[in-house]
Amino acid sequence: MNEARDVKTGELIEAESLKYIYEEGLSEYECIDDSCKIKLIPSSYKPSNKNRPYFKSTKGVGHSDTCMFSEYLRMLEKGRKRELTAVELEDMPFPTKFEKAKKNEGGTITNTSDLGDDEQLSVSSTRRMASGEFVETINKSKVVASISSIVDFYIKCPFNRDVELEIEGKKQEYKYWFKRIEKPLSIGKYNGKKLFFGRLHMSEKNMVETSEKLEITLYECENWERKTRIRPSKQVNPFVVVIDKAAISKNKLSRIKSELNYAIEDKKIAFKNKDVDKKRHAFVFFYGEAPVKGTPYKFKLIDGALVARYAQIYPTEGKKTAM
Ligand SMILES: [Zn+2]
């Protein structure tokens, strides 16, 4: 699981932030669903761990039957194979709004743990609670402060990318927010602010850091110069994600680097285990601005909103039209 509740403070914690929490001392954690609350154990959170941090349940202890979280995971599995119905979606807390964590005037984050950068998640319960004849009104909004679960919903539910997502006051369907970087500029038509994604190189030399920025060169480029007998094939005008270091906290920057490494590491592990699927790649997803004149291949990251996944991206499936 990638989130849990801190038993002592009641705060929602994303597993990704465990690496920083670890430095200050871990707490006790439980499932975020009030009807479940099983104990969860933080795992893979030490700096030496190469894999993504996560929460696991104690051996032999399952989530309660009504646990919204495990139900959500079951729904994501279904969503991969078929279109989820309106009724199913109604009960499913998928993200409908991305909103960065609020900062106070001092520029520091209004969050006692000081980890609130993008780890906090505010969930309006979507669970239907039937108590006698009373059924709680369903609040369909789920506001997230990280793009992580937005990306997961996009990846896992190719049949339901017509649900709406709100970012910076703009509402549009998931499929219009996401834009894959893969085609030359003239065909790709990269415009405005989007959730862009593209493939990562496996080698670290494609990430160049200076005192001001971190630049990630993608596998995608305008074209390739064919290899010759004396020279390997070479990228011509590769697309680059530019991260302005002054615009984000140190924590966020190191989290971005870990994200990239997890996806690359996942791919390496798959290769090592001979579990290779040509359709799976290490992808970077980020909320960013499309290139502007003068720097036609450079995408600008907004608010440090970046995650990476080793995954297969299924094409968006159309709706079955009723006769
Ligand atoms: Zn649970």
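To keep things clear, this report deals only with the structure shown in the data block. (Residues numbered from 1 in each chain as written. Predicted model: local features only at pLDDT ≥ 70, side-chain atom pairs only at ≥ 80, totals over all residues. Heavy atoms only, no water.)

Some points on the overall build of the chain
And then number 1: For the chain, the count of helices and strands is seven helices and 19 strands.
And then number 2: In the chain, which comprises 323 residues, the share counted as buried stands at 46%.
And then number 3: Across the chain, every contact between residues at least 6 apart in sequence was considered, and the portion connecting residues at least 24 apart equals 61%.
And then number 4: When the accessible area of the chain is evaluated, it comes to approximately 17700 Å², of which 51% is carbon and sulfur surface. (Helix = DSSP H or I, 4+ residues; strand = E, 2+ residues; numbered from the N terminus. Buried < 20%, exposed > 50% of the residue type's maximum accessible area, 1.4 Å probe, protein only. Contact = heavy atoms within 4.5 Å. Areas by Shrake-Rupley, 256 points an atom, 1.4 Å probe, with all protein chains shown as cover.)

Points about the coordination of the zinc ion
And then number 1: Those protein atoms acting as donors to the zinc ion are Cys-31 (SG), Cys-36 (SG), His-63 (ND1) and Cys-67 (SG), and they sit at 2.0 to 2.4 Å.
And then number 2: Of note is the zinc ion, whose four donor atoms meet at the metal with angles of 103 to 115 degrees in an arrangement that counts as tetrahedral.
And then number 3: Sequence spacing of the donors to the zinc ion: C-x4-C-x26-H-x3-C. Here Cys-31 is found in the loop between β3 (29-30) and β4 (39-43), whereas its partner His-63 is found in the loop between β5 (54-57) and α2 (68-81), with 32 residues between them in sequence.
And then number 4: Overall, Cys-31 belongs to the buried group, its relative accessible area being 1%. (Donors = N, O, S within 2.8 Å, 3.2 Å for Na, K, Ca; no water. Tetrahedral: all angles 85-135°; square planar, octahedral: opposite > 155°, others 65-115°.)

Topic: the sheet that holds strand β14 (residues 193-199)
And then number 1: Ordered by their spatial adjacency, seven strands build an open sheet running β13-β14-β18-β19-β17-β16-β15, and the pairing between neighbours is mixed. Bordering the open sheet on either side are β13 (178-180) and β15 (207-209), each of which pairs with just one other strand. Taken over all neighbouring pairs, the strand axes of this sheet differ in orientation by 35 degrees on average, direction set aside.
And then number 2: Relative to the sheet, helix α4 (residues 148-156) contacts β13, β14, β18 (280-289) and β19 (298-312), its axis offset from that of β19 by approximately 45 degrees.
And then number 3: Sitting on the sheet, helix α7 (residues 250-272) touches β15, β16 (213-225), β17 (234-244), β18 and β19, and the angle it makes with β19 is about 25 degrees. (Pairing = 2+ DSSP bridges. Axes fitted to C-alpha atoms, helices over the stretch in contact; angles between N-to-C directions.)

A word on the packing of aromatic side chains
And then number 1: For the structure shown, the criterion picks out 22 aromatic pairs.
And then number 2: Ring geometry for Phe-196 and Phe-299: centres 4.8 Å apart, planes at 65 degrees, overall edge-to-face. Highlighted residues: Phe-196 in strand β14 and Phe-299 in strand β19, separated in sequence by 103 residues.
And then number 3: A ring pair is formed by Phe-197 and Phe-285, whose centres lie 4.9 Å apart and whose planes are at 15 degrees; its orientation type is stacked. Taken as a pair, Phe-197 in strand β14 and Phe-285 in strand β18 lie far apart in primary sequence, 88 residues in all. Of the two residues, Phe-197 and Phe-285, neither departs from the other in class, the shared state being buried. (Phe/Tyr/Trp six-rings, centres within 6.5 Å; stacked < 30°, edge-to-face > 60°.)

In short, the description is geometric, and any link to function would need to be established separately.
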